[in-house]
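The lines below spell out each chain.
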Amino acid sequence: MSFEPIQERIREAAGRGSALRIRGGGSKDFYGNAPRGELLDTRAHAGIVSYEPTELVLSARCGTSLLEIQEVLAEKSQLLPFEPPHFGPGATLGGCVAAGLSGPRRASAGAVRDFVLGAVILDGRGQRLAFGGQVMKNVAGYDVARLLAGSLGTLGVILEVSLKVLPRSPAEATLRLELPQAEALRKLNGWAGRPLPISASAWRGDELRLRLSGAESAIRAAVQAIGGETVAQEEAASYWTGVREQADAFFAGELPLWRLSVPSNAAPVELQGEQLLEWGGALRWLRSSADAGTVRAAAMRAGGHATLFRAPDKAAGAFTPLAPALARLHRGLKKAFDPAGILNPGRLYPEF
Amino acid sequence: MQRRVAGKLREFLPERSVLWQDEDTRPYECDGLTAYRRLPMVVALPETEAQVQQVLMACHAMGVPVVPRGAGTGLSGGALPPGDGVLLSLAKFMRVRRLDPAARLAIIEPGVRNAAISDVAAPFGLYYAPDPSSQIACSIGGNVAENSGGVHCLKYGLTVHNVLRVRGFTAAGEAIEFGSEALDAPGYDLLALAIGSEGLLAVVTEVTVKLLPRPETARVVMASFDKVEKAGDAVAAVIAAGIVPAGLEMMDRPATRAVEEFVHAGYDLEAAAILLCESDGSAAEVEEEVARMKEVLAAAGATRLAVSRDEAERLRFWSGRKAAFPAVGRISPDYYCMDGTIPKKRLAEVLNFIAAMEKKYRLRCPNVFHAGDGNLHPLILFDANDPEQLERTEAFAAEVLEKCIEVGGTITGEHGVGVEKIDQMCVQFSPAELEMFRAIKRAFDPQELLNPGKAVPTLARCVEFGRRHVRAGGLRHPGLPRF
């Protein structure tokens, strides 16, 4: 489907000043503050526009299924380096970029924004605008394409995205080690300062798992250097999928799930509730009914911020409030892209 | 006006930090792009963050433009001074504030040189990855402004991938901080927006960079090809084989001949083009990868292959590439460096186009190329003392940049738009896109006082450019899709 019907909807909504709730597969409806407004379904604007394995670039429309993209890449032994969580079979590329969530490989490979090369959007006036491109290096104009990653649809409807992709590593192995949290953090930060091919890490309940990805020889050497017990390939694959998709038992149940993003070497964050650590210590998931102020203050003391990721009640706000100077810049940008304030209002912050 | 502004700044800056007499401001009249020169009305050299803030607040109150400047090595005139404003030099911000090997980061002031970061990190087995060729002179503040790359960015990324946080001030002197020592920060990714914004959105006074563990070892394969096309195909073949080289660079024969005389790197002067393909990692990993690289390059038709045997030889192979610009400077009174990026598969087409332009404009143009990421640096040789040659050079460059856009690329990969490529912005972006850039600018700087007239053209300028362009022989790609 062409983008004109979406454009028409935006123009019409902007004219009336009525909110639009932009939605692909709906797999991330839970994320951010509650969506509101009339539904704008982007799934019909789908399809891979171009894929050049030797350029390491893939461009696709917003409604393209993430599964389809990963299958097409896998045929050429390539992958999305930021290993995005799907959170449901319907996950689309548009939603993936708008949410800006990265998976287990984030600490070693980079985040969604690191791999966004270009984007075409419809802004809040319905104008079709293209930023960035399909090349690795591009400094013409402000880097709007990367700004879109994690903007939760508040700056525009993402129509098309170009991503840098990478080859899959020739070999992979997963190790299991018994370690208490503080010791795990110390080791993870030590390993990160050495040239080891660690591509994912997860600690929970005194057990640390490490995924190694790289050349055969590098994996062999790293297994020697790190020690621990090797996990069977199949079990390892389902374990990492479980962490990425939050299908692991840690994520089950109704307790609020907090996402604490802190410096990787921050000391264990003392809060009531269970924790699962990823990204070499830089990402700490917390299941806790502790009050939002307490969790956010603890994250801030550790040098980071806390997001109320999944919770029945998000009255406390999904995201850490911004300092006044930054809030002003956010409002200014929102006004530049969406002067009528119709695109996903309130999804990121209540005031816009 | 000059007296009034200098007097105002002297209220809070020491005498040595305010320059306004011609003989003192002359060194600041241009950056690395010397074709554009202008004397600044006043130069301010603050030494503390509080002073930077005071300069910005004072200029904001007076409505005086401010142009930030780092080491002055930029190649697009981004630091060209304002004739009616203040050139704000961050050159005195030279300290490494904190080096934290356990957290693998360094907090540094913007005047710290790129190469100096890796020097201070070296005792801990760490380094800062982006390595623009000017790394011994350029400063991190400028790297942030331009989103600088280097020869290793296919594997290790650009400045935007290696900076965690910046701190500084808006045009009004309001303190801001983008990013975090954590891997993300709440809200919009203003760090990504600020990096590469050419000093139009904020003035940076502190930068937190990510440090990486230095690979155990690195070796470079040097491959010769008898046709440029074959070298281009070899680049694609390397990537198709699932290899992400630490560096992948191409030089054509005019470029290798120019540098060989200068640095004696041992380049094959008979080859139409050479490729430098680097592998890094553990010794075993590198051995495995180099073997695969050699196999792929041989299959792609390499006429000669050499692998660096030790670190000295590896650096020697690279020395020619890193010295390409100064080397070319020796064989021509002046040279004009372009910076377009193209999809790699269009390389042969673009190089043939450049060859045709050499004939058309009667100017020589050696090429060096960050082949791994498609970033081309054709160097047009000319004599600036001959105004007619300069005119031909500029027309030559404009045609090449527009060719880059036509094949799906961009007018600048890493040097920035500055004043130099501002007209080509009108070709690459639509009026609505340019207007969005201007709206973003106003969100940060409503009075448009920071580095005005750079990076983003006004629509009036584009209309004027269009008129000139049409007169010069018809707009070449009026309906071009730019994505």
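Criteria and thresholds
Residues numbered from 1 in each chain as written. Chains lettered and ligands numbered in written order. Predicted model: local features only at pLDDT ≥ 70, side-chain atom pairs only at ≥ 80, totals over all residues. Helix = DSSP H or I, 4+ residues; strand = E, 2+ residues; numbered from the N terminus. Rg over C-alpha atoms; globule rule 2.2 N^0.38 Å. Buried ≥ 20, exposed ≤ 12 C-beta atoms within 10 Å, placed from the backbone. Contact = placed C-beta atoms within 7 Å. Domains from an automatic or database assignment. Nonpolar A, V, L, I, M, F, W, Y, C, P; charged D, E, K, R; others polar. Core = buried A, V, L, I, M, F, W, Y, C linked by C-beta atoms within 7 Å. Pairing = 2+ DSSP bridges. Axes fitted to C-alpha atoms, helices over the stretch in contact; angles between N-to-C directions. Parallel < 35°, antiparallel > 145°, perpendicular 65-115°, else oblique. Arc of directions from axis to C-beta.

A separate point is the overall build of chain B. Broken down by element type, chain B carries 18 helices and 18 strands. Here the C-alpha atoms of chain B give a radius of gyration of 23 Å, agreeing with the 23 Å that 2.2 N^0.38 yields for 483 residues. In terms of overall dimensions, chain B has C-alpha extents of about 65 × 60 × 45 Å along its principal axes. Here chain B, with 483 residues, has 57% of them falling under the buried criterion. By sequence separation, contacts in chain B at least 24 residues apart represent 72% of the contacts at least 6 residues apart.

Residue and element names in this part refer to chain B. We note that the domain assignment places domain 1 (2–89), domain 2 (96–213), domain 3 (217–326) and domain 4 (334–471) within chain B. Its C-alpha centre places domain 1 at a distance of 23 Å from the equivalent point of domain 2. Listed by partner, the interface residues are 15 residues for domain 1 and 19 residues for domain 2. If you list the elements that add at least two residues to the side of domain 1 that touches domain 2, you get helix 3 (49–62) and strand 3 (66–69). The element best represented in the side of domain 1 that touches domain 2 is helix 3, accounting for 6 residues. Residue classes in the side of domain 1 that touches domain 2 are distributed as 8 nonpolar, 6 polar and 1 charged.

The phi dihedral of Gln 246 of chain A is positive, around 55 degrees, even though this residue is not glycine. With respect to the secondary-structure elements, Gln 246 of chain A resides in the loop between helix 9 (233–244) and strand 14 (257–261). A positive phi angle, near 50 degrees, is found at Asn 147 of chain B, a position not held by glycine. Positionally, Asn 147 of chain B belongs in the loop between helix 5 (140–146) and helix 6 (153–156). On the neighbour-count criterion, Asn 147 of chain B (26 C-beta atoms within 10 Å) is buried.

Before going further, it helps to spend a moment on the nonpolar core. If you look at the biggest cluster of nonpolar residues, it comprises 254 residues, and the most contacted ones within it are Val 86, Val 209 and Leu 275 of chain B. Residues in contact with Val 86 of chain B, not counting those within four places in the same chain, are Val 5, Met 41, Val 42, Ala 44, Val 55, Cys 59, Val 64 and Val 66 of chain B.

Strands pair in a sheet through their backbones, by hydrogen bonds, and they do so in one of two ways: parallel or antiparallel. Residue and element names in this part refer to chain B. Taken together, the 4 strands give an open sheet; going across it, the order is 1-2-4-3, and neighbouring strands pair in mixed fashion. If you trace the sheet from one side to the other, it starts and ends with strand 1 (18–19) and strand 3, each paired once. By the bridge criterion, 3 bridges tie strand 2 (residues 42–44) to strand 4 (residues 86–89) in an arrangement that is parallel. Along strand 4, the bridge assignment pairs Val 42 with Val 86. The strands touched by helix 1 (residues 2–10) within the sheet are strand 1, strand 2 and strand 4, with strand 2 carrying the most contacts at an inclination of about 15 degrees.

Residues and elements named next belong to chain B. Structurally, Cys 365 can be placed in the loop between helix 14 (347–361) and strand 17 (367–370). On the neighbour-count criterion, Cys 365 (26 C-beta atoms within 10 Å) is buried. Between the C-alpha atom of Cys 365 and that of Leu 434, which follows or precedes it by 69 residues, the distance is 31 Å.

Turning to the sheet that holds strand 14 (residues 273–281) of chain B, a few remarks are in order. All names here are of chain B. If you walk across this open sheet you meet the 7 strands as 15-12-14-13-17-18-16, and the pairing is antiparallel. Of all strands in the sheet, those with a lone pairing partner are strand 15 (304–307) and strand 16 (334–337), marking the two edges. Neighbour-to-neighbour, the strand axes of this sheet turn through a mean angle of 15 degrees, independent of strand direction. As judged from the 2 bridges shared by strand 13 (residues 247–252) and strand 17, these two strands associate in the antiparallel manner. Across the sheet, Met 251 pairs through a bridge with Val 368, a residue of strand 17. Of the strands in this sheet, strand 12 (217–225), strand 14 and strand 15 are in contact with helix 11 (residues 283–299), which crosses strand 12 at around 10 degrees.

Moving on: the pairing of strand 6 (residues 116–122) of chain A. The two faces of the sheet receive side chains in turn, since in a regular strand these alternate between them. Residues and elements named next belong to chain A. Burial of strand 6 is extensive: 7 of the 7 residues sit out of reach of the surface. Pairing analysis gives 6 bridges linking strand 6 to strand 8 (residues 157–164), with the strands arranged antiparallel. In the sheet register, Gly 118 faces strand 8, and the bridge partner there is Ser 162. Across 5 bridges, strand 6 lies against strand 7 (residues 128–132) in antiparallel orientation. The residue bridging Gly 118 from the neighbouring strand is Gly 132, located in strand 7. In this antiparallel pair of consecutive strands, strand 6 and strand 7, the connection spans 5 residues, and Gly 126 shows a positive phi of 90 degrees.

Where interface size is given, it is often the accessible area lost as the parts come together that is meant. Residue and element names in this part refer to chain A. In terms of domains, chain A is made up of domain 1 (4–167 + 329–337), domain 2 (171–244) and domain 3 (254–310). Here domain 2 and domain 3 have C-alpha centroids that lie 22 Å from each other. At the interface, 11 residues of domain 2 touch 8 residues of domain 3. Contributing elements (two or more residues each) for the side of domain 2 that touches domain 3: helix 7 (181–192) and strand 11 (198–204). The dominant element in the side of domain 2 that touches domain 3, judged by the number of residues it contributes, is helix 7, at 6 residues. Taken together, the residues of the side of domain 2 that touches domain 3 sort by class into 7 nonpolar, 3 polar and 1 charged.

Turning to the packing of helix 8 (residues 216–226) of chain A against helix 11 of chain B, a few remarks are in order. At their nearest, the axes of helix 8 of chain A and helix 11 of chain B sit 8 Å apart, and the two run at 170 degrees to each other. The orientation of helix 8 of chain A with respect to helix 11 of chain B, classified from their angle, is roughly antiparallel. The residues of helix 11 of chain B that touch helix 8 of chain A, namely those facing Ser 217, Ala 218 and Ala 221 of chain A, are Ala 284, Glu 285 and Glu 288 of chain B. Partitioning the contact of helix 8 of chain A with helix 11 of chain B into residue classes produces 3 nonpolar, 1 polar and 2 charged.

Here the focus is helix 2 (residues 66–75) of chain A. Residues and elements named next belong to chain A. Turning to helix 2, its buried residues are Leu 66, Ile 69 and Leu 73. Buried residues along helix 2 cover an arc of 60 degrees about the axis, so they all sit on one side. Exposed side chains of helix 2 directed beyond 90 degrees from the buried face belong to Glu 71, Ala 74 and Glu 75. On the buried face of helix 2, the contacting elements are strand 3 (48–52), strand 4 (57–61), strand 5 (78–79) and helix 3 (93–99). Positive phi shows up at Ser 77, right after helix 2, with a value of about 55 degrees.

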